[in-house]
Amino acid sequence: MTTDGKTPERSEDGPSNFVRELIAADIEGGKHGGRVQTRFPPEPNGYLHIGHAKAICVDFGMAQEFGGQCNLRFDDTNPVAEDTEFVEAIQRDIAWLGFEWAGEPRFASDYFERMYECAQHLIREGLAYVDSQSLEAIREGRGNFYKPGVESPHRERSVEENLDLFARMRAGEFEEGAHVLRAKIDMQHANLNMRDPLLYRILKQHHHRTGDAWCIYPMYDYAHPLGDAIEDITHSLCSLEFQDHRPLYDWVVANCPVDTHPEQTEFGRLNLGYTIVSKRKLRQLVEEKHVDGWDDPRMPTLSALRRRGVPPESIVRFCERIGVSKRDGVVDVTLFEHAIRDRLNEVAPRYMGVLRPLKLVIENYPEDGEDVFHAPLHPEDESYGRRDIPFCRELYIDREDFREEAPRKWFRLAPGKEVRLRYACLVTCTEVIKDEAGEVVELRCTWDPASKGGKAPDGRKVKGTLHWVSARHAKPAQVRLYDRLFRVENPLDVEEGKTFLDHVNPDSLAVLADARVEPALVEVEAGRTVQLERTGYFCVDRDTTEGQLVLNRTITLRDSWAKLEKKLKGGAPMVKGQKKGKNKKKKNKGEQAGGAPDKA
RNA sequence: UGGGGCGUCGGCAAGUGGUAAAGCCAUCGGUUUUUGGUACCGACAUGCGUAGGUUCGAAUCCUACCGCCCCAGCCA
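- Per an unreviewed UniProt entry, chain A is named Glutamine--tRNA ligase, and its organism is Plesiocystis pacifica SIR-1.
- Here chain A is described in UniProt, under the heading Sequence similarities (unreviewed entry), as follows: "Belongs to the class-I aminoacyl-tRNA synthetase family."

Okay, structure coming up:
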């Protein structure tokens, strides 16, 4: 739990969708005996990311909603890149999201023997054969979109010969690539997947679970439907690109000796603006050190989001809100950001912290004086309790909260202006002290002793409220300001000769070494996310040590002043045409403005 | 020159023939506020890729066209 351990209410407020309706109809019609059994089938060759989160929410969510269960099955049919490191990380991430799989995790490799037997059955039925052509010959023979395939010269081998060859493949008598097992379907089929697809290939690789017991491994198209059938899955939900594989899925289930016939249904993957969800590219970011590991808080992996301080409930809620459909669109990243703020606003305790300290001295406050103010840890939930905030003559405020020349509508501090120090008192800036370089280094103020607590004694309006820390009591902290990893909404959209790496945001991480936070914050344990009032949400990083607090910025608070100032400066009101003049058709599909990334 | 999908507001997405298209995000305006946060109120598609057709009536049915995505791994 990154937040506070409070019950994560799981809302069922997702919109209606076609998968939900299909399952409901199946139950209604008594299909699969009215059962609902789903599965989430990750390949253990990488870390789970936000895109997987959607699949997880759909797979587990549908089962949950209809009183069924969801299995966790590792699709470990290709030993080359798979590893137990990933199977552990995947389990951790799913559990973190708050889902429970039925029984123990399963592995496709658990069924290798059974799958082998099914293959023998197919051979005996004359539905599979050993092909001994080269990889190139097989590819050539498959034809293409426009050219029908041609049958392999080995297609009519006898059952005996096939059985013998297949057994010897298993026994390790042949080198990789020497033979494969193919389904005998139809080389003329318009769907390339049906042109005698490969069922098994020889791979003399060590498998993370079966070790060296096997040197032939089943292909996805063969192993997946069998795994589903063996586990008695009723609804096999997957992504759009498998639509073309469904006929093969059905062929396998129909022709192998299994009792059930699960149904595969495809839905659209999640694509998120300013984000990449491709295992290969994420791996590249890690391996080429553009980020600091799989859980670098800028990554879209679940482990990175966790480290960044994103609550799991916000991810689940986000997935519910984006819905499930067959369109492949790109979800606006602001929707995800909203879900994060929404949840954090509910559960993050409040503290004050100054990111870029500017000294403020209260001249009419006694040199050795001290006050302690009691402030609520949550403005809307008293059960969070309160914390003590020490106050003295010398404080720090954020440099951002002071301007020598106040722009229009500036509520914050400026020479001669009065503001409220949150929970404390009202102060007026009387003098600005600069160094030789002309840089403001200190502010002199006077306070109104009658305003203790922050209320104006005479009811005068003080619009600006600033956060602050006591210079004497504050604790030092290193703050890591994270921003979007990519500068553009679609990092995959690149010009000739460039790659998505050229879109990496050079300002996606800024480290502030000299931040100060109120003392109560050092009690917060690593992994928890808090709000620094008026600034944003921050997660206590695991790098925190006894003397050094490390905070990761999860996300900023919405900043309507920044927006206002931009508008004030910009002068030209740009958003005019949209108002009334119905600008005929929408034309520029490709380019959207997207939200401005927040500053670092 | 194939096969499989998809086209409803800037983004996601309801809607499944009934009489002028939910919701959320974004955007804009306002109220409350000791977070310029939160909350709350309001605005935001005479329009459903285009063109025809069927019908008393169509985003929903039919036809044609246009556009976008996926498929030619011994990856999943």
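Quick notes on the environment of Asp 250
Line of reasoning, step 1. The topology assignment puts Asp 250 in helix H8 (residues 246–255).
Line of reasoning, step 2. Judged by its relative accessible area of 28%, Asp 250 is partly exposed.
Line of reasoning, step 3. The spacing of Asp 250 and Arg 444 is 194 residues in sequence and 78 Å in space, taken between C-alpha atoms.
Line of reasoning, step 4. Among the polar contacts listed, one links the side chain of Asp 250 to the side chain of His 261, at a separation of 3.1 Å.

Some thoughts on the packing of helix H4 (residues 112–124) against helix H7 (residues 220–230)
Line of reasoning, step 1. Where H4 meets H7, the closest approach of the two axes is 11 Å, and the angle between their N-to-C directions is 110°. Relative to H7, the element H4 lies roughly perpendicular. As H4 packs across H7, the resulting crossing turns out to be right-handed. Together, Arg 114, Met 115, Cys 118, Ala 119 and Leu 122 of H4 and Tyr 222, Ala 223, Leu 226, Gly 227 and Ile 230 of H7 make up the contact between the two elements.
Line of reasoning, step 2. Its residues assigned to classes, the contact of H4 with H7 shows eight nonpolar, one polar and one charged.

A closer look at the protein's contact with RNA strand B
Line of reasoning, step 1. Residues in contact with RNA strand B amount to 75 residues; listed here are only the nearest, Arg 327, Arg 412, Arg 422, Gly 453 and Ser 560.
Line of reasoning, step 2. Counting only atoms of RNA strand B within 4 Å of the protein, the fraction found in sugar and phosphate groups is 62%.
Line of reasoning, step 3. One of the side-chain nitrogen or oxygen atoms of Arg 139 is found 3.1 Å away from a phosphate oxygen of RNA strand B.
Line of reasoning, step 4. Among the elements of the structure, helix H5 (135–142), strand E6 (198–202), helix H11 (312–322), helix H12 (333–347) and helix H13 (560–570) are those that each provide at least two residues to the surface near RNA strand B.
Line of reasoning, step 5. It is H13 that contributes the most residues to the surface near RNA strand B, five residues altogether.
Line of reasoning, step 6. Class assignment of the residues belonging to the surface near RNA strand B gives a composition of 25 nonpolar, 22 polar and 28 charged.

Thoughts on the packing of aromatic side chains
Line of reasoning, step 1. For the coordinates displayed, the defined rule picks out 20 aromatic pairs.
Line of reasoning, step 2. Both rings, one in Phe 166 and one in Tyr 200, keep their centres 5.3 Å apart while their planes meet at 65°; by these two values the pair is edge-to-face. Here Phe 166, found in helix H6 (residues 159–171), pairs with Tyr 200, found in strand E6; they are 34 residues apart in sequence, far enough to count as distant.
Line of reasoning, step 3. Among the aromatic residues, those joined into a ring-pair cluster are Phe 112, Tyr 116, Phe 166, Tyr 200, Trp 214, Tyr 217 and Tyr 222.
Line of reasoning, step 4. Directly above the aromatic system of Phe 107 lies the positively charged group of Arg 209, at a separation of 3.6 Å from the ring centroid.

Some details on helix H2 (residues 50–65)
Line of reasoning, step 1. The end-to-end C-alpha separation of H2 is 21 Å, in line with the 22 Å expected for 16 residues at 1.5 Å each.
Line of reasoning, step 2. Among the 16 residues that make up H2, 14 are buried, leaving the element largely enclosed by the rest of the structure.
Line of reasoning, step 3. Gly 67, located one to two residues past H2, shows a positive phi value of around 70°.

Here we look at the side chain of Arg 444
Line of reasoning, step 1. The residue Arg 444 is located in strand E18 (residues 440–448) in this model.
Line of reasoning, step 2. Owing to a relative accessible area of 19%, Arg 444 belongs among the buried residues under this scheme.
Line of reasoning, step 3. Looking at Arg 444, its side chain comes within polar contact range of the side chain of Glu 363, at 3.3 Å.
Line of reasoning, step 4. At a separation of 2.8 Å, a polar atom in the side chain of Arg 444 contacts the side chain of Glu 442.

Cut-offs applied
Residues numbered from 1 in each chain as written. Chains lettered and ligands numbered in written order. Predicted model: local features only at pLDDT ≥ 70, side-chain atom pairs only at ≥ 80, totals over all residues. Heavy atoms only, no water. UniProt positions renumbered as here; feature names shortened; annotations may be inferred. Helix = DSSP H or I, 4+ residues; strand = E, 2+ residues; numbered from the N terminus. Buried < 20%, exposed > 50% of the residue type's maximum accessible area, 1.4 Å probe, protein only. Polar contact = N/O pair within 3.5 Å; in protein donor to acceptor, adjacent residues only side chain to side chain. Axes fitted to C-alpha atoms, helices over the stretch in contact; angles between N-to-C directions. Parallel < 35°, antiparallel > 145°, perpendicular 65-115°, else oblique. Left-handed = near helix turned anticlockwise from the far one by under 90°. Contact = heavy atoms within 4.5 Å. Nonpolar A, V, L, I, M, F, W, Y, C, P; charged D, E, K, R; others polar. Near = heavy atom within 4 Å. Phe/Tyr/Trp six-rings, centres within 6.5 Å; stacked < 30°, edge-to-face > 60°. Lys NZ or Arg CZ within 6 Å of the ring centre and 35° of its normal. Expected span 1.5 Å × (residues − 1).

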